Amino acid sequence: MSDNSYCTIDEFFIKLLSDTIIDGEIIFYGGSSPLAMTAALLAKKSHAPNMVHIGGNPGGLDPDPPFLPPTTHDWTMLEGSLGAINIDSVFDLGSRGKMDRMFLSGAQIDMYGNTNVTAIGGVEKVKVKLPGGGGGAKLSCDVKNLVLWTTRHRARESSRGKVYTFVPGVDFITAVGHRTPSGSRKELGLQGIGPEWLITNLGVFDFEEGTGAMRLRSVFPDTSVDDVIENTGFEPVIHPHLETLEPPTKSEPEIIRRNDCLEIRKREIPEEELGRRFTLKT
């Protein structure tokens, strides 16, 4: 897309993910995360030039690939990098409290930021077997700050009624949020702070201090609080100073389009969402 007057939902979404990265941080994400991958490259080339970006497994340090592949498990993620880091060293960084931020998604996400990519129905009554969390279970306990995200906030209709991505409690905890049935992060002795932000295709959430519950902070220009409530399987906390998100500036989609000339990022967006357009900030 060459039109510089507007951006699409995938570009807006990447900008929001990128905004969570603070300059100087060490950040990591999973193996098949084009949106998080593109967000890291955008941050590096805009507001966070001193961040350290570990690009997948094997992890290229601050990679500058000629194009984005569908998975970070690809040789292109070593192109232009300062070096490489093995996955055992990634876990070591987490265990030592040196990993600042990690991006995680989930087929289910609950009100306290626990995520499930293991099994719908739980391991005792598996309805759908999911790919699994890889190292997410361990890293979610250790990494300082987590950014959760999903492009599938809208509930799906089934013969049995609505199927929600956001549920009161996940069927299986793959990665740990702020509170589990076994206790809070503090009670469990976890060193990481836990989820800081949650980005969805309907809005941006943080997590309420004390309770650890999801709290709606912002909605997109084309969504509303009612949209969020209708598509969430529980009543989320609403911030008293709710805001409408500001679209990217013209330079941000340009960086995204250069980094991802094959538009791999769009594969993570539901087809019905791709028609959303937003006028760019001048």
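Residues numbered from 1 in each chain as written. Predicted model: local features only at pLDDT ≥ 70, side-chain atom pairs only at ≥ 80, totals over all residues. Heavy atoms only, no water.

(A) Focus on the overall build of the protein. Along the protein, the regular secondary structure elements total seven helices and 21 strands. Once the C-alpha set of the protein is aligned to its principal axes, its extents read approximately 45 × 40 × 35 Å. Of the roughly 12500 Å² that the protein leaves accessible, carbon and sulfur atoms contribute 51%. Across the protein, the centroid of the 30 positively charged side chains sits 2 Å from that of the 38 negatively charged ones. (Helix = DSSP H or I, 4+ residues; strand = E, 2+ residues; numbered from the N terminus. Areas by Shrake-Rupley, 256 points an atom, 1.4 Å probe, with all protein chains shown as cover. Lys, Arg positive; Asp, Glu negative; His and termini not counted. Charge placed at Lys NZ, Arg CZ, Asp CG, Glu CD.)

(B) Layout of unusual backbone geometry. Despite not being glycine, D62 has its phi angle at roughly 50°, a positive value. When you line up the elements, D62 lands in the loop between β4 (59-61) and β5 (84-85). The exposure class of D62 is buried, given its relative accessible area of 16%. Even without a glycine there, the phi angle at E263 is positive, about 55°. Here E263 falls in the partly exposed class, since its relative accessible area comes to 29%. (Buried < 20%, exposed > 50% of the residue type's maximum accessible area, 1.4 Å probe, protein only.)

(C) Quick peek at the sheet that holds strand β8 (residues 115-116). With mixed pairing, the three strands of this open sheet are ordered in space as β8-β7-β14. The open sheet has two free edges, formed respectively by β8 and β14 (166-167), since each of these has just one partner strand. Across two bridges, the pairing between strand β7 (residues 108-110) and β8 is antiparallel. Opposite Q108, over in β8, you have N116 as the bridge partner. (Pairing = 2+ DSSP bridges.)

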